[in-house]
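Spelled out from the first residue to the last, the chains are:
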Amino acid sequence: MPQHATLTESCPAPPPGSRGIDEILAEARARLRRLDPEQAHLAYRGGAIMVDIRPAAQRAAHGTVPGALVIERNVLEWRLDPRCPARLPEAVDYDLPVLVICQEGYTSSLAAAALQDIGLHRATDVVGGFVAWRIAGLPTLGPTPSHRTPSFAPPVTAGRTPH
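For clarity, every value in this text was computed on a predicted model and none was experimentally measured.

Let us now look at the nonpolar core. Judged by nonpolar contacts, the single largest core of 20 residues is most densely connected at Val-51, Leu-76, Leu-80, Val-98 and Leu-115. Residue assignment for this core shows that the elements contributing at least two residues are β1 (49-52), α4 (76-80), β3 (98-101) and α5 (107-117). Looking at which element gives the most residues to this core, the answer is α5, with three residues. Those residues in contact with Leu-76, other than ones at most four positions away along the chain, are Val-51, Ile-53, Ile-71, Ala-111 and Leu-115. Ala-40, Tyr-44, Ile-101 and Phe-130 belong to the second largest nonpolar core, which has 13 residues in total.

See below:
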């Protein structure tokens, strides 16, 4: 979970109808059949698409899952919605098994729920994220050296790894 500062002051009264992030996260996770790293690895080896939504700096600093499709969070829905002109070639139908991975397994839950909202009913995420994947001893690459020159591929193909 993202680190929070200790609150020494009371929070302002939330606007009527708003929900806190803890409530939103719990609601998202209640809709998912989340997979632990070992289950996710088996699903990935069985043909599910692993989507790494972490920013480039996190991938460079911590490493990656070999063969994972890199789609940063800010364009995820556009790249995986089968009805969207900006979709990736992998976004062929709504039955696509998608495993979303982030650094610690929080943002990925929200992202997987968003993918379910666009109709990808098999979308889910990896409990504990990349940190848990690495701790479980599953395949990783990197981290990459910080002096590496970044890729400037167009957004539709950025981060695609050959299969």
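Residues of β1 alternate between two faces, with Ile-49 and Val-51 on one and Met-50 and Asp-52 on the opposite face, all of them buried. Sheet topology note: the β1/β3 ladder contains four bridges and is parallel. Counted as the bridge partner of Asp-52 is Ile-101 from β3. In the sheet, β1 pairs with strand β2 (residues 69-70) via two bridges, with the strands oriented parallel. Its bridge partner lying in β2, Asp-52 is registered against Val-70.

It is worth spelling out helix α2 (residues 37-45) at this point. For an α-helix, the turn length of 3.6 residues means that residues three or four places apart are oriented alike. For α2, the complete set of buried residues consists of Pro-37, Ala-40, His-41 and Tyr-44. The buried residues of α2 occupy one face: seen down the axis, they fall within an arc of 100°. Where the residues of α2 are buried, they touch β1, β3 and α6 (129-135). A side-chain oxygen of the first residue of α2 lies 3.1 Å from the backbone nitrogen of Glu-38; this N-cap is Asp-36. Just beyond α2, the residue with positive phi is Gly-47, at close to 115°.

Turning next to the packing of aromatic side chains. Counting across every chain of the model gives zero aromatic pairs. Here Arg-54 stacks its cationic end above the ring of Phe-130, 4.3 Å away from the centre of that ring.

What follows deals with the confidence of the model for the protein. This prediction gives the protein a mean pLDDT of 88; 82% of its residues lie at or above 70. The model gives residues 147-154 a pLDDT under 50, and that stretch makes one contact with residues more than four places away or in other chains. In the predicted structure, residues 156-163 sits below a pLDDT of 50 and forms 15 contacts with residues beyond four places in sequence or in another chain.

Reading across from one edge, β2-β1-β3-β4 is the order of the four strands in this open sheet, with parallel pairing throughout. The sheet terminates laterally at β2 and β4 (124-125), the two strands that pair on one side only. When β3 meets β4, the two strands line up parallel, connected through two bridges. If you follow Val-100 over to β4, its bridge partner there is Asp-125. Sheet strands touched by α5: β3 and β4. Its angle to β3, the strand with the most contacts, is close to 150°.

Definitions and limits used
- Residues numbered from 1 in each chain as written.
- Predicted model: local features only at pLDDT ≥ 70, side-chain atom pairs only at ≥ 80, totals over all residues.
- Heavy atoms only, no water.
- Core = buried A, V, L, I, M, F, W, Y, C linked by side-chain atoms within 4.5 Å.
- Buried < 20%, exposed > 50% of the residue type's maximum accessible area, 1.4 Å probe, protein only.
- Helix = DSSP H or I, 4+ residues; strand = E, 2+ residues; numbered from the N terminus.
- Contact = heavy atoms within 4.5 Å.
- Pairing = 2+ DSSP bridges.
- Arc of directions from axis to C-beta.
- Polar contact = N/O pair within 3.5 Å; in protein donor to acceptor, adjacent residues only side chain to side chain.
- Phe/Tyr/Trp six-rings, centres within 6.5 Å; stacked < 30°, edge-to-face > 60°.
- Lys NZ or Arg CZ within 6 Å of the ring centre and 35° of its normal.
- pLDDT = per-residue confidence, 0-100.
- Axes fitted to C-alpha atoms, helices over the stretch in contact; angles between N-to-C directions.

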